[in-house]
Amino acid sequence: MSAAPRVSVIIPHWNGRHHLDDCLTALRRQTWADHEVILADNGSTDGSQAYVREAFPEVRLLELGENRGFTGACNAGYAASRGEIVCLLNNDTEADPGWLTAVVNAFDRHPEVGVVASKMLLFDQRDHFHTAGDYYRVDGVPGNRGVWQADVGQYDREEPVFSACGGAAAYRRAMLAEIGFLDDAFFFSCEDVDLAWRAHLAGWQVLYVPTAVVYHKLKASGGSGVVGSYHDGRNFLYVIWKNYPAGLLRRHAGDILRAQLRISGAALRAWRGPAARARLRGQLAGLAGVWRMWPARRRIQAARRVDERTLESRLTRIDETP
């Protein structure tokens, strides 16, 4: 077997053949050549597999034969990967040629960093943000920094953030060996936030690197509508049950409750829409999921290395614009 590459890029994929030329060609053009590309296919029926084998023979194709969701595909790719740095990349993206170089340099300069967040811009409006790293509010609501904003230099500084968006995230394998990778219970949505919580609790840091640029066809590869609404509704609560430390949970219980009621109220007002009803079903599933998350919670909190004051300083206040 050849020597392991420094970087593994894992692309979860399902019926997105029309995105692959942009995505995979951009990876061919990376200035950091010591990398492998793994495409984990969730049982596509659009000819994606044959297209990759013919047009991109350098890509390692994992044919899963079924839809295992975002987490299942990424976990299969992680199990097959060999790189010291593990990157997740959506199939509906185009990475700037210097993306991987910026990621590797950031990890080399910051041994305390376990997660690198990319600067994600809109594919069709390249001077506007998808995200400059993600935040997590004290009321249990995550979000994208700078989403829809014009890029006028406001996020040009390398700085700590709470989470990396899973559409273009990089992880240090040494950290993943300690805290684990994506939780299959999430299937889709907030799996990146859950992983960021575990990183913080274990004493690792998350760094936003503005020179690591990726262009994203936001929502093109799925996740909006009914599917996204259900999993958002459920997984917002999964993240809380699993990761939010008890002392902070008591302190911000009112904020969390009010946020959930606002989400429910908005869904009830839009009751005729299937996405709104899916959001409510997700919230109910999330409430019931406290017991499903409890064993993981006990294990994670018992291994926590960071005090609550430090963790709270990394959360965003309700009235704060990160």
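Residues numbered from 1 in each chain as written. Predicted model: local features only at pLDDT ≥ 70, side-chain atom pairs only at ≥ 80, totals over all residues. Heavy atoms only, no water.

Q: It is not clear to me how the packing of helix H9 (residues 253-269) against helix H10 (residues 274-288) should be interpreted in this structure. Could you clarify?
A: A pair of packed helices can be characterised by two numbers: the angle between their axes and the separation between those axes. Contact geometry of H9 with H10 gives a least axis separation of 8 Å together with a crossing angle of 145 degrees. The chirality of how H9 crosses H10 is left-handed. Residues Gln 260, Ile 263, Ser 264, Ala 267 and Leu 268 of H9 form the contact with H10, whose own contacting residues are Ala 276, Arg 279, Leu 280 and Gln 283. Taken together, the residues of the contact of H9 with H10 break down into 5 nonpolar, 3 polar and 1 charged. (Axes fitted to C-alpha atoms, helices over the stretch in contact; angles between N-to-C directions. Helix = DSSP H or I, 4+ residues; strand = E, 2+ residues; numbered from the N terminus. Left-handed = near helix turned anticlockwise from the far one by under 90°. Contact = heavy atoms within 4.5 Å. Nonpolar A, V, L, I, M, F, W, Y, C, P; charged D, E, K, R; others polar.)

Q: Mind showing me how you'd approach the packing of aromatic side chains here?
A: Here the distance between the centres and the angle between the planes together describe a pair of aromatic rings. Per the counting criterion, the structure on display carries 11 aromatic pairs. With a centroid separation of 6.5 Å and an interplanar angle of 55 degrees, the aromatic rings of Tyr 136 and Tyr 244 are classed as tilted. Of the two residues, Tyr 136 sits in strand E8 (residues 134-136) while Tyr 244 sits in the loop between helix H7 (225-243) and helix H8 (246-251), which places them 108 residues apart along the sequence. Of the two residues, Tyr 136 and Tyr 244, both sit in the buried class. Ring pairs connect the aromatic residues Tyr 136, Phe 162, Trp 197 and Tyr 244, which therefore count as one cluster. Stacked on the ring of Phe 123, the Lys or Arg Arg 126 has its end atom at 4.7 Å from the ring centre. For Arg 145, the ring lying beneath its charged end belongs to Tyr 208, and the centroid distance is 5.1 Å. (Phe/Tyr/Trp six-rings, centres within 6.5 Å; stacked < 30°, edge-to-face > 60°. Buried < 20%, exposed > 50% of the residue type's maximum accessible area, 1.4 Å probe, protein only. Lys NZ or Arg CZ within 6 Å of the ring centre and 35° of its normal.)

Q: Would you explain unusual backbone geometry in this entry?
A: Note on backbone geometry: most residues besides glycine have negative phi, and most peptide bonds are trans. Unusually for a residue other than glycine, Phe 187 sits at a positive phi of about 65 degrees. Take Phe 187: it is sitting in the loop between helix H5 (173-179) and helix H6 (191-201). Even without a glycine there, the phi angle at Cys 190 is positive, about 70 degrees. Mapped onto the secondary structure, Cys 190 falls in the loop between H5 and H6.

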